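Coordinates in review
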Amino acid sequence: MEERALSCLLRSRPTMEQDIKASYLMDHMVSDGVLTQDEEDGVLTGRCPADLLLRKDNRAYVSFYNALIREGYGTWPACFYTDLPQLSPEGGKSYWTGISPTVQVKLSEGGVPQRPTVFVNRPTLLTQVREKLRRLQNAVGWVTVFGMAGSGKSVLAAEAVRDHALITECFPDGVHWLSVGQCERAELLVRMQSLCFRLEQGQSLEASLRPPGSVEEARERLRFLMLRRFPRCLLILDDIWDINSLRAFDIQCRVLLTTRHRDLTDSVSGLRYSVPVESGLDEEKALEILSLYVNAKPQNLPEQARRIVEECKGSPLVVSLIGALLRDFPDRWGYYLRQLQKKQFQRIRKSSSYDYEALDQAMDASLQVLDDEHRELYKDLSVLEKDVKVPAKVLSVLWSLELEEVEDVLQEFVNKSLLFRDCNRRPYLYYLHDLQLDFLTEQNRAQLPKLHGKVVCQYQRAYTEGPPTSGDEEDLYWYRFLPCHMARAGLSKELCSLMFSLDWVKNKAQLMGSAHLINDYVEYSAILDREVHNLGQQCKQFQEFLSLNGPQLEQKPLPDVVQLALSQPCCSEVYRQALLQAQRSASRGQLYLDWVNKSSLESLSRLVVHPQQSSVYHTCFSRDGSKIASCGASSTLRVFKSTSGERLQEIQAHDDEILCCAFSPDDRHIATCSSDRKIKVSPPRGSLHGATLRLTAHTISLQATVCCLKSFALFFLFSPSYFLPLFADTTNNISDCCSNTLFGHMEPVNHCCFSPDDAYLATSSNDGSVKLFEVASANEWKTIQVAQYFPESDEETSITVKCSTWSADGARIICAARNTAFVFDVATLGMLLEIRTSRLSTVQYCQACPTSQLLALALSHYTVELWDFEVNKKMAECSGHLSWVHCVQFSPNGSLLLSCSDDQTIRLWETERVHTSSAVALKRDFDVLFHQGNVTVVAADSKNRLETDLINLIQSWALFDVPCCCQMPHRLMVVSFFPTLTSAIPMQVLETPSGNILATLHGHTKTVHHCLFTDNGQTLITSSEDATLRVWKWMTGECRVLEGHQEPVRKFHLLGGSSSSPMLLSWSFDGTVKVTLSKLHDLKCHEAAILSGDVTPGEHLFSTGSADNSAKVRSCTSWKMEFCLSGHKACVRSCRFSWDDRRLATGDDNGEIRLWSMLDGALLKTCAQNTKDCMDSFHGGWVTDLHFSPDNKVLVSTGGYIKWWSVQRGEALQTFRTTGANLKRIHASPDFKTFVTIDNMGILYILKQVEGRL
């Protein structure tokens, strides 16, 4: 250090110790790089700063001088100015990278703060600021850098001027930094005097050295200096708070200012530009700052580091404060994280040059600039939720102000960086930074219940007529958060009234789907149960209703919620409210149907999720059981909450269908493999909550089918090759190189699974074997030849082992092939057990429960079976899926079971609740008799027993099947048909209700599809797969065979059954219609198969529908074709005449129904919903049956569900969604008020029209 500088320090030493607070100055000098951290600690413990400076060089003296100016130490800088040493442009240490020493000197003399010791670049913001500053090259003006407290505005402004080209080209007269802050007029004058003193150094006139005596005089002095001496300099005003302070510097110069208020420059002269500073750093940069403070690599930071960044949303101030604290106490990661989570901001403090010693002081300073009225309004924002954006209309309700007034208030908050506005949405949405919200919450903690109560009270005043239904952002806020406000306000009764209102459920489901509703019942069930003891049961009923009807409630347009609720158990509060609403609506002419026989059925599913409009191939639990991932025939990976089905993420992961997905043990990343020959895995620090999951791709030469992520950092990929590639992951990054390959199989590998201790790997292959590999060495350990247990198979029907699973103790390996699951002892490879399922099904997947001896099997006949593999006993049969089940997965604790299917759904089951259903599963060929208000149903069940009114009539027939049956109205006779292994088909005529066999008839050689008694009951007519019809005198056994059709005869109609010369009209797959008995006509109606037919009630016309996409109408007298009805785009599967003979309804395989006039063959109406459903149909599948009401005003149709239509308007009146699908037919009572059908799950539906009640 120069001698004169040393002398100045020695002279000033006695008074420096008394007047100067060294700790604030030390921060500046440390950031300038002239002091070390240890030296700062020495000063803080009592060492005199002058003693330290005496051993330093010239740059330490300059840094000390600049620190005095920045901290506003009055006349002290003048004492050191005259002895300032000249910094050599060539020598000395450079503190600025990329700029010349000359510019360094200019910035140092201008008091620009040095770069912080811990610094992370923000290139995008720097570029924006510098671009705006360049616009001031030839004109005076203002560049405003604004943002919330602690967003890094000052560091950004200082870094922006560390640019050689910017300074030399735009501001050659220098850069001068002045920290203003919150100050009174006297303090402002002191700061202006220090600036004047700096600018006047070197002048010889004594008058120019006299400090200005007022703000006005200082302003004029600065104006003169800027115009005359420094016309092309840049003045940086740091931390401006109010317009009065800013006006003091409106002196026609170039100004860069930092502030929390974006609109401060509105009232000053000159050009104006602004740069907003985002409130937080991204995770990567925030972690980099923390790593620099603790001298560690970002990837080596503990998990708490990432959570601290998440908690403060990357606030530069918070990250820097905590980083500085951790530098002194490196083991306090968990402590400071807890302080953030508990909102203990006063404990996050650090003695520094920052204006506020603790985070809470910095936050509170922003509020103090508001007037009392606006401060009270801002307090109301304490009730908002994190990451929730609110429209102004909601706050208009809360504050009882006009919308325009609210927008003005919010604009002021935004301008002061107290609130943020999302301008990408219209209307604008407003939100608080997490730190602001945490501060408000902590500051007003005692008043929070009252504030939440105010929200509820204001809502009730604004919506006295009922909840809003417009569907805008305001409505969504109330539907999403009103229960939360009620719960936090302690308004239990109001919450009960809201949550148990079917109207609320209906409206919220329409706007938001079912998942948010389910979340409400899960979250507030304890509160509701405390209010009234039995409300917990009601809560469970509403939750179950929403969970099981989730896929329907996600559809657009929303199905009728009241009709859905009528399918709930009669004891349910949901059903009670729905019935009352249905009765009121029925009195106004609306149609509702009550499922009267549902009491014997019980739904075993806990939750149904419809993740995508395509097959679901795989689903899995996260390791903590809170999330579900699913993938399938689409290229998208989806993640859901396991409690409610709420969608957390939707990731476009691949370019083709995704075959498998798996969570990592820590649930922080997920792997997928796809038909696009890529595997993808999230980065080590990816998050599955709140942010989009980023995936890293690895391309392989073969298609991957199964993936696993294990705790020992190995990623396994299993492909349909004869080997298994294995990828090592030792550095949290998946390697592109295969570290090992497992050979052994001779055919493609289908599946793999680790043993419970991760020591072994089991693989299943098309070669009929299961192989066990040692994971550590990748060597083959043992082989199980599963194919040898199927001795009947040959080379053309090879045995494929679909999958395998380990028992919980790892002592047994279970594998699935065809319809069988085998249990083997791992030690001896001996088969312990053989579990055989239905001979008509195949096992698609199997998994053993990790906590018990349960085994779950996914079957191709749409069910999931649970077996106890210790005793070979079926414990449960889970029915509900409508197509093949591809995968089953137990939760980690074994309490839940997942299944996914081609029906596009995922079902969640409670393993302790499911059981083998005792309900009768019926076949869809049935007959119904409506007699004197009673309903008699006859159908065969899945065990080939004949059922009527769900009462067993005859015993099981092990070798028989029951394809059809019918009843005779008067004598209540039943006929059933049983195919046997012989060439003849026995038929039995039974008497009800005794079940006595009256006759056994033999004749048909193939399955009988249709049968009918004549009116007198003496004659029975049958049609068969053997292409014949038979007319029986069943009491005597006499039979007449009617031949002529070349293909199966599915159905027929008896014309003139009561006349002396009846005719039998039959149609066949050969495209012909034949008229037999007393007359014979052979009509070639279609080139393709005839799928349906009908005759008008007056027997004047008959119609046929065909696979050629057309329907034809012929005369029953001349047999000539009257109309050829074209327009359908798929097979015409059903047709039906109206009772007045004036209309014909036809239904096709696209789900479309057309109404035709029988006067001229014109198309009258097309009955179809606006868009196709998830089954790519307008009716959930083929339209299989149609019936007109007696007054011809209503039409009922069956397909994937049942629909009722207005004949006049062609619009749907009601839809009843059955549990299963693929309805074959429906029977309607004569008064059209009772309907009977059976779905493909064997469930019987007796539906009665709800009668109106005022």
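Cut-offs and rules
Residues numbered from 1 in each chain as written. Predicted model: local features only at pLDDT ≥ 70, side-chain atom pairs only at ≥ 80, totals over all residues. Heavy atoms only, no water. UniProt positions renumbered as here; feature names shortened; annotations may be inferred. Helix = DSSP H or I, 4+ residues; strand = E, 2+ residues; numbered from the N terminus. Contact = heavy atoms within 4.5 Å. Areas by Shrake-Rupley, 256 points an atom, 1.4 Å probe, with all protein chains shown as cover. Pairing = 2+ DSSP bridges. Phe/Tyr/Trp six-rings, centres within 6.5 Å; stacked < 30°, edge-to-face > 60°. Buried < 20%, exposed > 50% of the residue type's maximum accessible area, 1.4 Å probe, protein only. Salt bridge = Lys/Arg side-chain N within 4 Å of Asp/Glu carboxyl O. Axes fitted to C-alpha atoms, helices over the stretch in contact; angles between N-to-C directions. Core = buried A, V, L, I, M, F, W, Y, C linked by side-chain atoms within 4.5 Å. Parallel < 35°, antiparallel > 145°, perpendicular 65-115°, else oblique. Left-handed = near helix turned anticlockwise from the far one by under 90°. Nonpolar A, V, L, I, M, F, W, Y, C, P; charged D, E, K, R; others polar. Patch = residues over 30% accessible without salt bridge, like charges linked within 9 Å, V, L, I, M, F, W, Y side chains within 5 Å. Lys, Arg positive; Asp, Glu negative; His and termini not counted. Charge placed at Lys NZ, Arg CZ, Asp CG, Glu CD. Expected span 1.5 Å × (residues − 1). Arc of directions from axis to C-beta.

- Going by an unreviewed UniProt entry, the protein chain carries the name Apoptotic protease-activating factor 1 and comes from Electrophorus electricus.
- Taken from UniProt, the Function (unreviewed entry) comment for the protein chain reads in full: "Oligomeric Apaf-1 mediates the cytochrome c-dependent autocatalytic activation of pro-caspase-9 (Apaf-3), leading to the activation of caspase-3 and apoptosis. This activation requires ATP."
- A UniProt comment under Subunit (unreviewed entry) is attached to the protein chain, and it reads "Monomer. Oligomerizes upon binding of cytochrome c and dATP."

**Overview of the overall build of the protein chain**
- A count of helices and strands for the protein chain gives 31 helices and 68 strands.
- In the protein chain, the proportion of contacts linking residues at least 24 apart, taken out of those at least 6 apart, comes to 52%.
- Taken as a whole, the protein chain presents about 52,000 Å² of accessible surface, with 48% of it coming from carbon and sulfur.

**Details of the pairing of strand β57 (residues 1121-1125)**
- Relative to β57, strand β56 (residues 1111-1115) runs antiparallel, the two being bridged by 4 bridges. Across the sheet, Ala1111 pairs through a bridge with Leu1125, a residue of β57.
- Counting the residues in the hairpin turn of β56 and β57 gives 5 residues, including Trp1119, whose phi is positive at 65°.

**Some details on the UniProt feature "repeat: WD" (unreviewed entry) in the protein chain**
- The UniProt record annotates "repeat: WD" (unreviewed entry) at residues 651-681, 742-783, 878-919, 1001-1033 and 1125-1166.
- Helix makes up 0% of residues 651-681 and strand 55%, with an end-to-end C-alpha separation of 12 Å.

**Thoughts on the packing of aromatic side chains**
- Applying the stated criterion to the full structure yields 23 aromatic pairs.
- Summarising the aromatic geometry, the rings of Tyr477 and Phe481 are spaced 5.0 Å apart at their centres and angled 40° between planes, so their arrangement reads as tilted. Placement of both Tyr477 and Phe481 in helix α24 (residues 473-489) is noted, with a separation of 4 residues, approximately one turn of the helix. Neither residue differs from the other here; Tyr477 and Phe481 are each classed as buried.
- Seen in terms of ring centroids, Phe500 and Tyr521 are 6.5 Å apart; in terms of plane orientation they differ by 20°. Their pairing is stacked.

**Overview of the pattern of salt bridges**
- Throughout the structure, instances matching the rule amount to 46 salt bridges.
- Its salt-bridge partner being Arg162, residue Glu159 comes within 2.7 Å of it at the nearest N-O pair.
- The class of Glu159 is buried, set by a relative accessible area of 5%.
- Asp925 is paired through a salt bridge with Arg1225; the nearest N and O atoms lie 3.8 Å apart. With Asp925 in strand β38 (residues 922-931) and Arg1225 in the loop between β65 (1212-1216) and β66 (1227-1228), this residue pair connects regions lying 300 residues apart in the sequence.
- You can call Asp925 buried: its relative accessible area is 16%.

**Description of the pairing of strand β67 (residues 1234-1238)**
- By the criterion of burial, β67 is predominantly enclosed, with 5 of the 5 residues buried.
- Burial along β67 is two-sided: Thr1234, Val1236 and Ile1238 and Phe1235 and Thr1237, pointing in opposite directions, are all buried.
- Pairing of β66 with β67 involves 2 bridges; the strand directions are antiparallel. Considered in β67, the bridge of Ala1228 is made with Phe1235.
- The pairing of β67 with strand β68 (residues 1244-1249) spans 5 bridges and is antiparallel. Bridging from a neighbouring strand, Thr1234 pairs with Lys1248 of β68.
- Linkage of β67 to β68, two consecutive antiparallel strands, is achieved through a turn of 5 residues, within which Gly1242 is found at a positive phi near 85°.

**Focus: the sheet that holds strand β59 (residues 1143-1148)**
- If you walk across this open sheet you meet the 4 strands as β58-β59-β60-β61, and the pairing is antiparallel. Because the sheet does not close on itself, it has two edges, and the strands there are β58 (1132-1137) and β61 (1163-1167). If you compare each strand with its neighbour and ignore which way they point, the axes differ by 20° on average.
- Here β58 runs beside β59; their pairing, made up of 5 bridges, is antiparallel. Each residue of the ladder has a partner; that of Arg1136, found in β59, is Ala1145.

**Description of the sheet that holds β57**
- Reading across from one edge, β54-β55-β56-β57 is the order of the 4 strands in this open sheet, with antiparallel pairing throughout. The outermost strands of the open sheet, each flanked by one partner alone, are β54 (1090-1095) and β57. Strand-to-strand, the axes of this sheet are offset by a mean angle of 15°, without reference to chain direction.
- With 5 bridges connecting them, strand β55 (residues 1101-1106) and β56 associate as antiparallel partners. Within β56, the position partnered with Thr1104 by the bridge is Lys1112.

**Notes on the nonpolar core**
- Within the largest apolar cluster, 116 residues are counted, with the highest numbers of intra-cluster contacts made by Leu381, Trp399 and Phe413.
- Excluding residues within four positions of it along the chain, Leu381 makes contact with Leu395, Trp399, Phe413, Leu419, Leu432, Leu437 and Leu440.
- With 29 residues, the next largest nonpolar core counts Leu235, Val255, Leu257 and Val268 among its residues.

**Comments concerning the packing of helix α8 (residues 123-134) against helix α9 (residues 153-160)**
- Taken N-terminus to C-terminus, the directions of α8 and α9 make an angle of 60°; their axes are 9 Å apart at the nearest point. Here α8 lies oblique to α9, going by the angle between them. Remark: the crossing between α8 and α9 carries right-handed chirality. Between α8 and α9, the residues in contact are Leu125, Leu126, Val129, Arg130 and Leu133 and Leu156, Glu159 and Ala160, respectively.
- In the contact of α8 with α9, the residues fall into 6 nonpolar, no polar and 2 charged.

**Section: a negative patch on the surface**
- There is a patch of like negative charges on the surface, built from Glu402, Glu404, Glu405, Glu407 and Asp408.
- Inspection of the secondary structure assignment puts Glu404 in helix α21 (residues 403-415).

**Things to note about α8**
- Between its first and last C-alpha atoms α8 spans 16 Å; for 12 residues at 1.5 Å apiece the expected length is 16 Å, and the two agree.
- For α8, the complete set of buried residues consists of Leu125, Leu126, Val129, Arg130, Lys132 and Leu133. End-on, the buried residues of α8 take up no more than an arc of 160°, which puts them together on one face. Projecting away from the buried face of α8 at angles above 90 degrees are the exposed residues Thr124 and Thr127.
- Where the residues of α8 are buried, they touch β1 (141-146), α9, α10 (164-170), β3 (234-240), β4 (254-259) and β5 (271-276).

**Focus: helix α25 (residues 492-499)**
- Every buried residue of α25 is accounted for by Ser492, Leu495, Cys496, Leu498 and Met499. When α25 is viewed along its axis, its buried side chains cluster within an angular range of 165° and face the same direction. In this structure, α25 carries Lys493 and Ser497 as exposed residues pointing more than 90 degrees from its buried face.

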